[in-house]
Amino acid sequence: MSSYSPGEIEKILERYGDTIYRMAYLQVKSRNEADDIYQEVCLKLLRQESKIDDDGHLKAWLLRTTVNCCKDYWKSAWYRKVTFDNEPVMERQDVSEENETGYVTECMQGLSEKYRVILHLYYYEEYSIKEIGRILRLKENTVASRLSRGRSKLKKIIEKGGKNYGVYEF
Amino acid sequence: MEFMNFKECYKAEMDAVKKTPNLTGEILFTEEVRKQFENCESEKRQRAGWAKTWRSVVFAAVAICMIGTVINHEKVEGLAKSLFGMFTLSTDEEEMDFGEMEIVQMNMEKFIADPETTKAGGTGENKVLSYNHFFGSYEKMNQVSGIVLPCADKVEYTDITVDVVPEWGYGHISAQMSCDGASYNVNGIYAVNEFGEDSLGYGDRNGATVEKYEYGKDKRAYFLEAPDGGLRVYFAEEGILFQMTVCNGEPDVPEEKASLPYGFATGTKEQAKVLLDLFGE
């Protein structure tokens with residue numbers, strides 16, 4: 001069979017489950033929504049027509065699919081209904097009781113999506129600019145520019161939060 | 001003061017984020033999901049027949065394209081050669097050039113060796129390292145990297161980030177540029193000594209040229225406006241192709257709004273032209 005069997009999917013999730021979940025959580029900033037995104041990615045893997053043999057490509061595919069699922073989630077009618085403006089997630093996070101991440105992650109979540117994803121892939125997953133370009137299907141110039149701009153914006157967010165940016169080395 | 005590394009802090013925090021325990025494979029394959037899986041399999045089998053037909057059609061199309069590519073190869077090669085060392089900007093409407101690229105004489109060894117320069121790179125065999133450094137002032141940046149920014153004696157540069165990928169032979173720079181009470185967010189792209197590509201530049205698919213502005217001797221800048229009203233100007237100085245955000249008629253908007261999506265700017269188009277004239281002197 002050319003597609004993944006349930007057993008193979010379980011193995012993949014065992015290996016990359018946290019990778020998917022972290023990206024989803026960083027994007028949607030809530031455990032409940034991250035759970036939904038995670039399951040959506042699993043279903044997309046289930047529906048894959050053919051297997052991805054290379055591990056690196058599989059991880060890249062999972063990350064890209066997670067980012068796309070988050071975008072779909074933001075576009076969904078449910079999300080539009082329960083939010084009130086263009087920056088709703090931060091407001092929801094403020095009233096949420098599930099805020100359990102650290103300060104730097106919170107600051108990362110304050111960035112807009114296009115910078116947040118790139119910074120996460122660069123600093124956490126340790127992909128190069130070229131690799132990020134391939135994963136997100138963006139030009140290297142665009143990735144480098146967003147990386148640079150994202151860092152500047154993150155610095156401002158950290159400063160606004162009352163912490164001294166000077167003690168962080170990028 | 002304890003020196004904290006952003007990457008280490010972020011990694012430590014994110015490592016603690018783990019998927020909900022009951023989201024494992026066992027829970028995934030509930031009755032409902034199993035039904036979906038079976039439906040998927042059935043759909044796949046149905047599509048398989050069609051897929052064979054499509055594959056034949058695609059194979060024929062690819063073969064025709066390959067023949068066309070071989071015929072055009074010489075033409076393409078000729079075009080690439082003619083673009084050697086050019087700074088370029090492309091939009092949906094047109095392709096502009098800013099003349100020949102100057103190689104920026106960056107002090108790479110010193111920049112990489114500086115203790116505050118951080119390196120990052122990909123994983124696996126094709127790992128490519130990039131080096132980056134955030135500077136609070138122009139003087140420090142110039143001292144460590146050797147990079148010269150235009151009219152640094154008259155223009156103030158702050159929040160400067162320098163990135164470079166030596167293996168690819170080019171780097172990026174971003175900064176906040178201030179002059180005569182006006183401020184602009186700038187990004188720049190530049191080639192270093194080992195640069196081996198034919199052209200380097202920006203592609204701005206959402207921007208439409210609103211004005212070509214000539215300043216100094218044989219120097220030109222292009223103002224581009226995005227559909228959402230964002231205004232940027234592109235120009236080349238000191239071997240760097242700059243993309244500068246310009247305030248598009250709303251200098252009083254709060255910084256949070258003005259900074260999205262193109263970076264913070266209070267300088268208007270007219271003020272930007274005065275700045276360009278300064279570069280042209």
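Structure: see above.
Engineer: Would you mind going over the overall build of chain A with me for this structure?
Structural biologist: Within chain A, the regular secondary structure consists of nine helices and one strand. Along chain A, helices (α) and strands (β) appear in the sequence α-α-α-α-α-α-α-α-α-β when read from the amino end. Across the 170 residues of chain A, 57% fall into the buried class. Within chain A, contacts between residues separated by at least 24 positions form 63% of all contacts whose residues are at least 6 apart in sequence. Of the roughly 7,500 Å² of accessible surface on chain A, 46% is carried by carbon and sulfur atoms.

Engineer: Explain the packing of helix α7 (residues 113–124) of chain A against helix α9 (residues 140–160) of chain A to me, please; I cannot follow it from the model alone.
Structural biologist: A pair of packed helices can be characterised by two numbers: the angle between their axes and the separation between those axes. Residues and elements named next belong to chain A. In the contact formed by α7 and α9, the axes pass within 9 Å of each other and the chain directions differ by 100°. In terms of orientation, α7 lies roughly perpendicular with respect to α9. Mapping the contact onto sequence places Lys114, Tyr115, Ile118, Leu119, Tyr122 and Tyr123 in α7 and Val143, Arg146, Leu147, Arg149, Gly150, Arg151, Lys153 and Leu154 in α9. Considered class by class, the residues forming the contact of α7 with α9 number eight nonpolar, one polar and five charged.

Engineer: Which parts of the structure should I look at to understand unusual backbone geometry?
Structural biologist: The phi torsion of most residues other than glycine is negative, and most of the peptide bonds are trans. Of note, cysteine 151 of chain B is a non-glycine position whose phi angle comes to about 45°, a positive value. Its location among the elements puts cysteine 151 of chain B in the loop between α5 (138–145) and β6 (156–165).

Engineer: Even after reading the chapter, I still don't get α7 of chain A, so can you show me in this structure?
Structural biologist: All names here are of chain A. End to end, α7 covers 16 Å across twelve residues, agreeing with the expected 16 Å (1.5 Å per residue, within 8%). In terms of residue burial, α7 counts as a mostly covered element, since ten of its twelve residues are buried. Those residues of α7 that fall on the buried side of the exposure criterion are Tyr115, Arg116, Val117, Ile118, Leu119, His120, Leu121, Tyr122, Tyr123 and Tyr124. One or two positions beyond α7, positive phi appears at glutamate 126, with a value near 60°.

Engineer: Even after reading the chapter, I still don't get the nonpolar core, so can you show me in this structure?
Structural biologist: One finds Leu62 and Leu121 of chain A together with Tyr10 of chain B to be the most contacted residues of the largest nonpolar core, which totals 77 residues. In terms of residue count, helix α1 (residues 6–28) of chain A provides more of this core than any other element does, eleven residues in total. In contact with leucine 121 of chain A, not counting residues within four places along its chain, are Met23, Leu63, Glu126, Tyr127, Ile132, Ile135 and Leu136 of chain A. The next biggest cluster of nonpolar side chains, apart from the first, holds 42 residues, and it includes Tyr131, Val144, Tyr157 and Ile173 of chain B.

Engineer: Teacher, can you tell me more about the pattern of salt bridges here?
Structural biologist: Any two side chains of opposite charge can pair, on the condition that their charged atoms come close. Residue and element names in this part refer to chain B. Following the criterion strictly, the structure yields 14 salt bridges over all chains and no others. The closest approach of N and O atoms between glutamate 214 and lysine 212, which form a salt bridge, is 3.7 Å. A relative accessible area of 57% means that glutamate 214 is categorised as exposed. In this structure lysine 212 comes out as partly exposed when scored by relative accessible area, which is 44%. For lysine 219, the salt bridge goes to glutamate 237, with nearest N and O atoms at 3.2 Å. Highlighted residues: lysine 219 in strand β11 (residues 219–225) and glutamate 237 in strand β12 (residues 231–237), separated in sequence by 18 residues. What makes lysine 219 partly exposed here is its relative accessible area of 26%. Here glutamate 237 falls in the buried class, since its relative accessible area comes to 7%. Here the salt bridges do not stand alone but share partners, grouping Glu211, Lys269, Glu270 and Lys273 into one network.

Calculation notes
- Residues numbered from 1 in each chain as written.
- Chains lettered and ligands numbered in written order.
- Predicted model: local features only at pLDDT ≥ 70, side-chain atom pairs only at ≥ 80, totals over all residues.
- Heavy atoms only, no water.
- Helix = DSSP H or I, 4+ residues; strand = E, 2+ residues; numbered from the N terminus.
- Buried < 20%, exposed > 50% of the residue type's maximum accessible area, 1.4 Å probe, protein only.
- Contact = heavy atoms within 4.5 Å.
- Areas by Shrake-Rupley, 256 points an atom, 1.4 Å probe, with all protein chains shown as cover.
- Axes fitted to C-alpha atoms, helices over the stretch in contact; angles between N-to-C directions.
- Parallel < 35°, antiparallel > 145°, perpendicular 65-115°, else oblique.
- Nonpolar A, V, L, I, M, F, W, Y, C, P; charged D, E, K, R; others polar.
- Expected span 1.5 Å × (residues − 1).
- Core = buried A, V, L, I, M, F, W, Y, C linked by side-chain atoms within 4.5 Å.
- Salt bridge = Lys/Arg side-chain N within 4 Å of Asp/Glu carboxyl O.

So far we have only geometry, and geometry alone does not tell us how the molecule works.
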